[in-house]
Amino acid sequence: MQDTLSNRISTLRGALNGKVIGADDPRYDDVRRVFFTGFDRRPAAVVRVTDAADIARVVGLARETGAELAVRSGGHSRAGHGTSEGGIVIDLSAMNAVEIDPDNRTAWAQTGVTAGGYTAQTSVHGLTTGLGDTASVGLGGITLGGGIGYLVRQTGLTIDDVLAAEVVTADGELLRADEQSHPDLFWALRGGGGNFGVVTRLKLRLHAIDRVIGGMLLLPARPGVITGLVAAADAADEGLSLIANVLKAPPLPFIPAEQHGRPMVMIQMVYAGDAEAGARAIAPIRALATPLADMVRPIRYPEMYAGAEGPAPAYAAGTNMLVDELSTEAAETILAHLETATAAIAAVQVRVLGGAMARVADDATAFGHRRARLMVNIAAMDPRAETGPEHEAWAAELATALADGAAERAYLGFVGDEGQDGVRRAYPPATLERLARAKRRYDPDNLFHLNLNVVPDAAR
Ligand SMILES: Cc1cc2nc3c(=O)[nH]c(=O)nc-3n(C[C@H](O)[C@H](O)[C@H](O)COP(=O)(O)OP(=O)(O)OC[C@H]3O[C@@H](n4cnc5c(N)ncnc54)[C@H](O)[C@@H]3O)c2cc1C
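Residues numbered from 1 in each chain as written. Predicted model: local features only at pLDDT ≥ 70, side-chain atom pairs only at ≥ 80, totals over all residues. Heavy atoms only, no water.

Undergrad: Residues and numbers for the sheet that holds strand 6 (residues 106–110), please.
TA: The strand order 5-6-9-7-8 describes an open sheet built from 5 strands, whose pairing is antiparallel. At either end of the open sheet lies a strand with only one pairing partner, and these are strand 5 (98–101) and strand 8 (174–177). Across the sheet, the axes of successive neighbouring strands diverge by a mean angle of 15°, strand direction being ignored. Pairing between strand 7 (residues 162–168) and strand 8: 4 bridges, direction antiparallel. Counterpart to Val 168 in the pairing with strand 8 is Leu 174. Seen against the sheet, helix 4 (residues 115–122) touches strand 5, strand 6 and strand 9 (198–205) and runs at an angle of roughly 35° to strand 5. (Pairing = 2+ DSSP bridges. Helix = DSSP H or I, 4+ residues; strand = E, 2+ residues; numbered from the N terminus. Axes fitted to C-alpha atoms, helices over the stretch in contact; angles between N-to-C directions. Contact = heavy atoms within 4.5 Å.)

Undergrad: Describe empty space enclosed by the protein, listing the residues and the values that go with them.
TA: Counted under the stated rule, the structure contains 2 cavities of 30 Å³ or more. Considering only enclosed or pocket space, the largest cavity measures out at about 60 Å³ in volume. Reported here for the second largest cavity is a volume of approximately 30 Å³. Lining the second largest cavity, in full, are Thr 143, Leu 144, Ile 159, Val 162, Ala 165, Leu 189, Arg 190 and Leu 202. Mapped onto the lining of the second largest cavity, the elements with two or more residues apiece are helix 5 (139–145) and strand 7. (1 Å grid on protein atoms, 1.4 Å probe; cavity = no way out; pocket = protein on both sides within 12 Å on 5 of 7 lines; lining within 4 Å. Points joined across faces, edges and corners; volume = space filled by probe spheres on them.)

Undergrad: So what's going on with the nonpolar core? Residues and values would help.
TA: The biggest cluster of nonpolar side chains holds 52 residues, and the ones touching the most others in it are Tyr 118, Leu 185, Leu 189, Tyr 301 and Leu 435. For this core, the element with the highest residue contribution is helix 7 (residues 183–189), accounting for 5 residues. Judged by nonpolar contacts, the second largest core, of 51 residues, contains Leu 242, Leu 338, Ala 346 and Val 350. (Core = buried A, V, L, I, M, F, W, Y, C linked by side-chain atoms within 4.5 Å. Buried < 20%, exposed > 50% of the residue type's maximum accessible area, 1.4 Å probe, protein only.)

Undergrad: Describe the sheet that holds strand 3 (residues 69–72), naming the residues involved and giving the relevant values.
TA: Taking strand neighbours across the sheet as the criterion, the 4 strands line up as 1-2-4-3 in an open arrangement whose pairing is mixed. Two strands in the sheet have a free side with no partner beyond their single neighbour: strand 1 (19–21) and strand 3. Taken pair by pair, the neighbouring strands of this sheet meet at an average axis angle of 20°, ignoring direction. Sheet topology note: the strand 3/strand 4 (residues 88–91) ladder contains 4 bridges and is parallel.

Undergrad: Explain the packing of helix 8 (residues 223–235) against helix 10 (residues 328–339) to me, using residue names and the numbers behind them.
TA: Taken N-terminus to C-terminus, the directions of helix 8 and helix 10 make an angle of 125°; their axes are 8 Å apart at the nearest point. Between helix 8 and helix 10, the crossing angle belongs to the class labelled oblique. Note that helix 8 runs across helix 10; the crossing there is right-handed. Together, Pro 223, Ile 226 and Thr 227 of helix 8 and Thr 328, Ala 331, Glu 332 and Leu 335 of helix 10 make up the contact between the two elements. For the contact of helix 8 with helix 10, a count of residues per class yields 4 nonpolar, 2 polar and 1 charged. (Parallel < 35°, antiparallel > 145°, perpendicular 65-115°, else oblique. Left-handed = near helix turned anticlockwise from the far one by under 90°. Nonpolar A, V, L, I, M, F, W, Y, C, P; charged D, E, K, R; others polar.)

Undergrad: Please provide a residue-by-residue account of helix 8, values included.
TA: Compared with an ideal rise of 1.5 Å per residue, which puts 13 residues at 18 Å, helix 8 spans 18 Å between its outermost C-alpha atoms and is within 8% of the ideal. For helix 8, the full list of buried residues reads Val 225, Ile 226, Thr 227, Gly 228, Leu 229, Val 230, Ala 232 and Ala 233. (Expected span 1.5 Å × (residues − 1).)

Undergrad: Describe the pairing of strand 9, with residues and values.
TA: Burial runs high along strand 9: 6 of the 8 residues are buried. Bridging between strand 6 and strand 9 involves 5 bridges; their strand directions are antiparallel. What sits directly across from Gln 110, in strand 9, is Arg 201. Here 6 bridges tie strand 7 to strand 9, and the two strands are oriented antiparallel to one another. Across the sheet, Val 168 pairs through a bridge with Val 198, a residue of strand 9.

Undergrad: Please give an account of the site of the ligand that cites residues and values.
TA: Ser 73, Gly 75, Asp 133, Ile 148 and Tyr 411 are the nearest of the 33 residues found near the ligand. In this structure, an oxygen atom belonging to the ligand sits 2.6 Å away from a side-chain N or O atom of Tyr 411. Of all elements in the fold, only strand 3, helix 5 and strand 9 reach the threshold of two or more residues within the shell around the ligand. Of all the elements, helix 5 adds the most residues to the shell around the ligand, at 4 residues. When its residues are assigned to classes, the shell around the ligand shows 13 nonpolar, 17 polar and 3 charged. (Near = heavy atom within 4 Å. Polar contact = N/O pair within 3.5 Å; in protein donor to acceptor, adjacent residues only side chain to side chain.)

This is the structure we're talking about:
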């Protein structure tokens, strides 16, 4: 197979508009790298595609040779799904164009654009679509998993703004999926991850959100502050969405030196709406404790993505769970467990959900856990990849303690390499059944399996 594969890859070179980058290419080490550098895999080739025809050719090659196929947009998969040992990687990073129709408030975006790149372009028109908290995450991966970000309570999940998608399926065909055309595929793409083909472009709704109240607030982490924060964010109007990380204060210049190493809550928030209403919504959070730093102020929305990202860790152990409450005991458990972490950065992230996300029916898209009130995301990151098992054990212990042994629901985007257990947590049974039927129709041989894999339903 290897011989055929390298011959076929050589033939591919002349046939594509994009670039085929193999191990003999000086760019190879650069292009094979993904965000979590611990996934140090050596694909037979990374193909930097430029259009749907390129993608169809690579998909055909993988289908015919049996080579493992990885599909990568921004490369942030926590399970390393954006690369392969010995297989072929479709790298979409050169497909990053965004065509904006300001009058109709829509954009057609190629999926290789990053969240930061997309937002920078749409914000020129004072428009945006809610994505995640990190500029370098790819539009492809975040959207197909659901998309929970700074506007989740105001405008919903990213998938709630997807109006249409163009997809190269396993047989190499380019399909348009929307409410009229291939509605089963359109449903499955909105939450079903990379199971159904390579999404080349997405048509997204844009919102007139530009001036917001936003930025970072640091509070000392005490159980009452954590539970009070959840209660205040839950009670606030839907203009407010926040992402709170409970962690030991890193030695950053804006954190008072005497606080370094002490537990704190780092809250990133956005209030989209009237400034006075924003101040009212945020006041109960500011009042929870004397802030260690308060950088929440009127800004333009894209500033939430400003500033350099730190060096990516080699490895992120962890998991997440969707829950309905966070008790004082749970907050105490989080703080006690953080004391025992040995990872370079250990954090428990809490996102308060609800609002627009919860108003969509559970069966309207493949994201079936709409009514969960909170996401708790446990992460232990380290530059030393070999420490992974130790940190996985730490994260699993905390997850078990928090969920009382029953972490039944999870958000696909932050599920690591959890196999079918992760799949069962990400999808309610009825959603999973419907996804398996769509998988059978669009990818019956499971060509696209480097993902949180939905196994094709063989019975239908
Ligand atoms: C630092 C960091 C911050 C994050 N913050 C958030 C956040 O705020 N909100 C949130 O919701 N999630 C967040 N995530 C999770 C993130 O959305 C997922 O990891 C997502 O899958 C990453 O997308 P990507 O394109 O960058 O990754 P990739 O590794 O490129 O893709 C992940 C998987 O998605 C599929 N895929 C990607 N592009 C395509 C495509 N065009 N067609 C078909 N399949 C495709 C493939 O199966 C691929 O294996 C974060 C992750 C990290 C590491």
